[in-house]
Amino acid sequence: MRTKEQFLMLFVLGGMMLAGLTACSSDDDTKSTKETEKTPVENEVKVRRLKITEVEGDAADAKQALTRATLEENESGLVPSWKAGDELTYCNLSRMQYNGKEDVPVSGNLTATTTAATSQFTGNVTCSKGDYLAVVYPAATFTTNSQYTIALSGQDGTLAGLATRFHYVFGKALVNSVTDATADATMPKMKSLLTVCKFSFVNKDGGAVIPIKSLSISYGGTGGDAGTYPQTATVAIGANTEQDDVHATGEASNSPLLLEGSGEAFYVALLPTAAQRTFRFTVTDGSGSTYTGTAKATLTEGEYVEATGLRLTKQ
């Protein structure tokens with residue numbers, strides 16, 4: 001039987017990278033010195049049909065740069081791919097637009113054109129050559145071009161649900177060329193903002209697998225956030241912010257993160273941690289029995305962590 005320390009080590013170190021490494025130096029990630037512009041849509045900047053091409057990294061990076069909409073698990077970890085028709089959202093980081101009443105973000109939807117590890121994305125975009133565009137998945141609503149909000153609550157523990165609703169990825173594209181009606185842009189492989197974790201649990205008394213009906217996750221210890229977990233997070237963006245410097249920052253909450261579903265293992269998207277944290281788990285099974293326990297872990301942005309066989313005590 002594995003010791004508690006062995007399970008802890010698996011939680012801290014297990015898994016493989018989902019996020020792409022920092023792109024090689026190129027125009028794609030050069031910082032912009034242009035101030036954000038405010039331009040009515042009907043004047044200098046036209047709505048153009050945009051094609052964004054997500055470029056492959058170096059061969060050495062390819063096996064680690066895995067951030068896509070569809071996730072399937074095999075012996076090597078998570079195997080990802082875009083699906084044709086996957087919907088993303090763009091936001092122009094280099095300009096706002098006046099709608100007759102106020103300045104609002106220039107944003108809209110983009111669509112993946114192929115089912116593959118890398119894809120092109122197309123859509124109608126307001127832009128000029130040299131503009132930077134934030135590209136996010138899943139689709140999001142922008143009320144400003146300096147940040148947006150992502151949700152952590154509402155997860156159901158399934159890999160399919162996580163992949164389509166909570167596997168948050170971010171890219172920063174540079175518009176390289178425009179014509180009267182079209183535009184082309186490129187961006188590095190999109191980065192994953194959260195940590196994907198696979199949890200399973202056993203009864204500390206006897207070692208039997210606990211069938212999960214609900215899973216509650218919160219921070220442990222004695223800090224001010226003990227017993228709670230963020231339900232949302234803010235992602236700060238900007239024309240002068242490199243793709244690799246964009247991160248998710250959790251918003252304070254007064255309750256744990258609750259997942260409800262059914263299975264022997266739950267897949268969960270969690271916030272990265274700056275240092276090791278204690279996590280508290282509460283599991284209920286189909287018969288209504290409750291189990292609790294804790295584990296310590298350092299979660300890294302973009303990692304896939306398998307924390308299987310964590311031991312809990314029946315209450």
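Rules behind the numbers
Residues numbered from 1 in each chain as written. Predicted model: local features only at pLDDT ≥ 70, side-chain atom pairs only at ≥ 80, totals over all residues. Heavy atoms only, no water. Helix = DSSP H or I, 4+ residues; strand = E, 2+ residues; numbered from the N terminus. Buried < 20%, exposed > 50% of the residue type's maximum accessible area, 1.4 Å probe, protein only. Contact = heavy atoms within 4.5 Å. Pairing = 2+ DSSP bridges. Axes fitted to C-alpha atoms, helices over the stretch in contact; angles between N-to-C directions. Core = buried A, V, L, I, M, F, W, Y, C linked by side-chain atoms within 4.5 Å. Phe/Tyr/Trp six-rings, centres within 6.5 Å; stacked < 30°, edge-to-face > 60°. Lys NZ or Arg CZ within 6 Å of the ring centre and 35° of its normal. Salt bridge = Lys/Arg side-chain N within 4 Å of Asp/Glu carboxyl O. Polar contact = N/O pair within 3.5 Å; in protein donor to acceptor, adjacent residues only side chain to side chain. pLDDT = per-residue confidence, 0-100. Lys, Arg positive; Asp, Glu negative; His and termini not counted.

K.L.:
Sorry if this is basic, but what is going on with the overall build of the protein chain here?
P.N.:
The number of helices and strands found in the protein chain is 3 helices and 21 strands. Looking at the protein chain residue by residue over its 315 residues, the buried ones come to 49%. Of the contacts made within the protein chain by residues no fewer than 6 positions apart, 75% connect residues no fewer than 24 positions apart.

K.L.:
Would you mind going over the sheet that holds strand β9 (residues 147-151) with me for this structure?
P.N.:
Whether parallel or antiparallel, the strands of a sheet pair through hydrogen bonds between backbone atoms. As summarised here, the arrangement of the 3 strands in space is β9-β15-β16, forming an open sheet in which the pairing is antiparallel. Among the strands making up the open sheet, the edge pair consists of β9 and β16 (248-250). Going from strand to strand, the sheet's axes swing by 30 degrees on average, the running direction of each strand aside.

K.L.:
Would you mind going over the nonpolar core with me for this structure?
P.N.:
One broad rule of soluble globular proteins: the nonpolar side chains tend to lie buried together. By size, the foremost hydrophobic cluster in this structure holds 57 residues, and its most contacted members are Tyr 148, Phe 199, Phe 201, Leu 215 and Phe 281. With 21 residues, the next largest nonpolar core counts Trp 82, Ala 112, Ala 183 and Ala 185 among its residues.

K.L.:
What is the right way to look at the packing of aromatic side chains in this model?
P.N.:
Two measures describe an aromatic ring pair: the distance that separates the ring centres and the angle between the ring planes. Under the defined criterion, the tally for this structure stands at 9 aromatic pairs. Centroid distance Phe 142 to Tyr 148: 5.2 Å. Interplanar angle 55 degrees. Geometry classified as tilted. We note that Phe 142, like Tyr 148, is buried. Between Phe 199 and Phe 201, the ring centres sit 6.2 Å apart and the planes meet at 15 degrees, which makes this aromatic pair stacked. Considered together, Phe 199 and Phe 201 belong to a single accessibility category, that of buried residues. Positioned over the ring face of Tyr 219 is Arg 277, at 4.1 Å from the centre of the ring.

K.L.:
Sorry if this is basic, but what is going on with the pattern of salt bridges here?
P.N.:
Enumeration according to the criterion identifies 3 salt bridges in this entry. Salt-bridge contacts for Arg 95 lead to Asp 131; the nearest nitrogen and oxygen are separated by 2.8 Å. Taken together, the residues span a long stretch of sequence, with Arg 95 in strand β5 (residues 87-98) and Asp 131 in the loop between β7 (120-126) and β8 (132-137) at a distance of 36 residues. Considered together, Arg 95 and Asp 131 belong to a single accessibility category, that of buried residues.

K.L.:
Before we go on, may I ask you to explain the side chain of Ser 94 in this structure?
P.N.:
For Ser 94, the location among the structural elements is in strand β5. A relative accessible area of 2% places Ser 94 in the buried class. Only 2.9 Å separates the side chain of Ser 94 from the backbone nitrogen of Tyr 132, close enough to count as a polar contact.

K.L.:
How should the sheet that holds strand β21 (residues 304-314) be read in this particular structure?
P.N.:
Taking strand neighbours across the sheet as the criterion, the 7 strands line up as β17-β14-β19-β20-β21-β13-β18 in an open arrangement whose pairing is mixed. Where the open sheet ends on each side, the last strands, each with one partner, are β17 (257-263) and β18 (266-270). Direction aside, the axes of adjacent strands within the sheet are offset by 30 degrees on average.

K.L.:
It is not clear to me how the confidence of the model for the protein chain should be interpreted in this structure. Could you clarify?
P.N.:
Note that predicted coordinates carrying low pLDDT should not be read in detail. Here the protein chain averages 81 in pLDDT, and 78% of its residues register 70 or above. Taken as a whole, residues 1-35 scores under 50 in pLDDT and shows 104 contacts with residues more than four places along the chain or in a different chain. Residue range residues 58-67 is modelled with pLDDT below 50. Its contacts to residues more than four positions away, or to other chains, number 28 contacts.

K.L.:
Help me understand the environment of Ala 275 in this model?
P.N.:
Among the structural elements, Ala 275 can be located in the loop between β18 and β19 (277-284). Take Ala 275: its relative accessible area is 45%, and that puts it in the partly exposed class. Between the C-alpha atoms of Ala 275 and Thr 300, which are 25 residues apart in sequence, the distance is 9.3 Å.

K.L.:
I tried to follow unusual backbone geometry on my own but got confused; where do I start?
P.N.:
In most cases, non-glycine residues show a negative phi, while peptide bonds are predominantly trans. For the peptide bond that leads from Tyr 137 to Pro 138, omega is -10 degrees, which places it in the cis range. As for its position among the elements, Pro 138 is in the loop between β8 and β9.

K.L.:
I'm lost on the pairing of β8 in this one. Help?
P.N.:
A regular strand places its side chains so that they alternate between the two faces of the sheet. Burial analysis of β8 places 6 of its 6 residues in the buried class, which makes it a mostly covered element. Across the two faces of β8 the burial is the same, with Tyr 132, Ala 134 and Val 136 and Leu 133, Val 135 and Tyr 137 all buried. Two strands pair when backbone bridges link them, and β8 and strand β10 (residues 169-178) are joined in this way by 6 bridges, in the antiparallel orientation. Among the inter-strand pairings, Tyr 132 is bridged to a residue of β10, identified as Leu 174.

K.L.:
Would you mind going over the pairing of strand β11 (residues 182-187) with me for this structure?
P.N.:
Across 4 bridges, β10 lies against β11 in antiparallel orientation. Looking at β11, one finds that Val 175 is bridged to Ala 185. Between β10 and β11, which pair antiparallel in sequence order, lie 3 residues.

K.L.:
What is the right way to read the side chain of Asp 285 from this model?
P.N.:
Note that Asp 285 resides in the loop between β19 and β20 (290-297). Lys 314 is the oppositely charged side chain nearest to the buried, salt-bridge-free Asp 285, at an N-O distance of 6.1 Å. Polar side-chain contacts of Asp 285 include one of 2.8 Å to the side chain of Ser 287. A distance of 3.3 Å separates the side chain of Asp 285 from the side chain of Tyr 291, its partner in a polar contact. Those residues within four positions of Asp 285 in sequence are excluded, and the remaining contacts are Ile 210, Pro 211, Lys 213 and Tyr 291.

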